[in-house]
Amino acid sequence: MASVPSPDRLPNSAPERIASTAGAPAAGPDDCVSALLADASRRLAQQFEQLAPVTPPRAEDLEAMGAVLDETASRLGDNYPYFHPFYAGQMLKPPHPLARAAYSLAMAINPNNHARDGGRASSEMEIEAVGHIAQMFGWHAPGFLGHLTSSGTIANLEALWVAGQTQPGKRIVGSAQAHYTHSRISAVLKLDYASVEADSRGRMDLNALESELKKGDVGTVVVTLGTTATGGVDPLDQILGLRDRYGFRIHVDAAYGGYFRLILDALDEPARRAFDSIDQADSIVVDPHKHGLQPYGCGCVLFRDPGVGRFYKHDSPYTYFTSKDLHLGEISLECSRAGASAVALWATQRLLPNVPHGAFAQGLAAGRRAALELDRRLRGDGRFAALAAGPPELDIVVWAIRDKSLTASRAGSPDQPISYAQRIFEACARRNLHLALVQLPQHWFPADGHRGDSSLVTCLRSVLMKPEHEGWVPQIWQEYMGAAGEILGE
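Residues numbered from 1 in each chain as written. Predicted model: local features only at pLDDT ≥ 70, side-chain atom pairs only at ≥ 80, totals over all residues. Heavy atoms only, no water.

A. Broad picture of the nonpolar core. Residues V221, L225 and V252 are the most contacted members of the largest nonpolar core, which totals 71 residues. Considering each element in turn, this core owes the most residues, five residues, to helix α5 (residues 120–136). Within the second largest apolar cluster, 28 residues are counted, among which are F86, Y420, I424 and L435. (Core = buried A, V, L, I, M, F, W, Y, C linked by side-chain atoms within 4.5 Å. Buried < 20%, exposed > 50% of the residue type's maximum accessible area, 1.4 Å probe, protein only. Helix = DSSP H or I, 4+ residues; strand = E, 2+ residues; numbered from the N terminus.)

B. Main features of the pattern of salt bridges. With the rule as written, the count across this model stands at 27 salt bridges. Across the pair E210 and R245 runs a salt bridge, and its minimum N-O distance is 2.7 Å. One end of the pair, E210, is in helix α8 (residues 206–213); the other, R245, is in helix α9 (residues 236–246), and 35 residues separate them in sequence. Beyond isolated ion pairs, a larger network of salt bridges with shared partners links R171, E212, K215 and D217. (Salt bridge = Lys/Arg side-chain N within 4 Å of Asp/Glu carboxyl O.)

C. Representation of the sheet that holds strand β2 (residues 171–175). Read from one edge of the open sheet, seven strands run β1-β7-β6-β5-β4-β2-β3, paired in mixed fashion. The sheet is open, and its two borders are formed by β1 (145–149) and β3 (193–196), each paired with just one other strand. On average, each strand axis in the sheet is tilted by 20 degrees relative to the strand beside it, whichever way the strands run. Here β2 runs beside strand β4 (residues 218–224); their pairing, made up of four bridges, is parallel. Residue pairing across strands places G174 opposite V222, the latter belonging to β4. Strands in contact with helix α6 (residues 152–166) are β1, β2, β4, β5 (249–253), β6 (283–286) and β7 (299–303); relative to β7, the strand with the most contacts, it is inclined by about 20 degrees. (Pairing = 2+ DSSP bridges. Axes fitted to C-alpha atoms, helices over the stretch in contact; angles between N-to-C directions. Contact = heavy atoms within 4.5 Å.)

D. The packing of α5 against helix α11 (residues 339–351), seen in detail. Interhelical geometry of α5 versus α11 gives an angle of 50 degrees and a closest axis separation of 8 Å. By the angle between their directions, the pair α5 and α11 is classed as oblique. Regarding α5 and α11, the two cross each other, and that crossing is left-handed. For the pair α5 and α11, the contacting residues are S122, M125, E126, E128, A129, H132 and I133 in the first and G339, A342, V343, L345, W346 and Q349 in the second. (Parallel < 35°, antiparallel > 145°, perpendicular 65-115°, else oblique. Left-handed = near helix turned anticlockwise from the far one by under 90°.)

E. A look at the pairing of β2. Among the five residues that make up β2, five are buried, leaving the element largely enclosed by the rest of the structure. Here β2 runs beside β3; their pairing, made up of four bridges, is parallel. Along β3, the bridge assignment pairs I172 with Y193. With helix α7 (residues 181–188) bridging β2 and the parallel β3, this β-α-β connection has right-handed handedness. (Right-handed = clockwise from strand over helix to strand, strands pointing away.)

F. Highlighting the packing of helix α12 (residues 359–379) against helix α14 (residues 469–488). Across the interface, α12 lies against α14 with an axial gap of 9 Å and an inter-helix angle of 30 degrees. As judged from the angle between their axes, α12 and α14 are roughly parallel. When you trace α12 past α14, the crossing you get is right-handed. Note on element contacts: α14 touches α12 through H469, E470, V473, P474, W477 and Y480, opposite A366, R369, A370, E373, L374, R377 and L378. Grouping the constituent residues of the contact of α12 with α14 by class yields eight nonpolar, one polar and four charged. (Nonpolar A, V, L, I, M, F, W, Y, C, P; charged D, E, K, R; others polar.)

G. Fine view of the packing of aromatic side chains. For the structure on display, the rule yields nine aromatic pairs. When the ring of W477 is compared with that of Y480, the centres are 5.9 Å apart and the planes differ by 40 degrees; the resulting orientation is tilted. Of this pair, W477 and Y480 both sit in helix α14, three residues apart, which is roughly one turn of the helix. We classify W477 as buried; its relative accessible area is 13%. Ring pairs connect the aromatic residues F384, W399, W477 and Y480, which therefore count as one cluster. (Phe/Tyr/Trp six-rings, centres within 6.5 Å; stacked < 30°, edge-to-face > 60°.)

H. Quick peek at the side chain of H182. Inspection of the secondary structure assignment puts H182 in helix α7. Looking at H182, the relative accessible area reads 0%, which means it is buried. Discounting residues that sit within four places of it in the chain, H182 has contacts with N156, L160, Y193, V222, H251 and D253.

The structure is reproduced here in structure tokens:
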């Protein structure tokens, strides 16, 4: 694995200072978590000091564990530097140091948030943390139902499962750019699923959607606010108008983009209207382990109607009698769930509340500004083709390599067995700059004589979701230009 830049290359910038509170350290894993844990661990131990002491591990056992842990650290070095601003490829954002420390602290107890008996404190913390997320979307207790999940996939599964219960026998439709998990989940649930054409910004095409709705058998529309390929935002506000006419359920998959509701003023008008309408959805999924600075896995599902809790009712040959309060397992398809996830999320939100104009929101805005700046630079260079429809809607940038036409960007084409995008991607990695690849319709990009071409083109993709990315755009651009010049010969 290639080395990452040394800390002396870190910019002394405003985004970096934001990162100190709203993101992870730019230079890489450090010992700040150990420092945070020292006093907190002693404080936690004091809560149980009335118990009879337990025999500690033997010295030889600690030595053996230390040796294995050292080997583990060496093995973990075989990873891309996800924590560093030069990792600008996939949706990987390091958890906040406080989240890491709180998670580790909770693991001393290892609570299970299935039932109050297994996670008394962490269950309360989950309820509070989920309530805080719901407020971000305009929902307030007791007017909603929600809980954390182990992933966005499980959160979406629960939402579509409830959709199938409330709209039995009806189809689910989603954009062609919606996450593939929806078609897969629908197959698991034995629900019919159809894909709806997307426009040149990666958003659901309203005319194509209405064609499906006119068939009269659509029960749920999956609206994506932040697609994984381009960060596209489906026009939720306009889809709500169609709901008034056709009477279907709306599930919003905001696993990636949900937190952008905190920075409406920083978004373009179409995305702003969509996020501003999210409180009218029937269900919402958001992933705190994406923009929410949490360790994997931490997803969240919310329902506007708390009455859907009736679908979760179950009988069990055993039960818990120590609490009459609602068990989170009674409103979840999952049973055992890591209470440590709830503790980490609760702690992070205490430090960085999900409120407009707060430090957390400023971190989101910094990432979006970084994406807009990278997109601006790409549009100023004739060798690259950014999306013809306009700048990024969130913080994801995609672009193709222009070579008279986009033909040479096609992977496996006769005149270019390995696409220029693939070769530049590899050249960037040799420079410690890590991007991603994505295939998109060629007609989404401006190209002489090829605007109507429906074939796919291999593109480069950058997810600038770390707050410190804003200060690193010049260095990212320098390394990218070096790699592109190496491959394109310019």
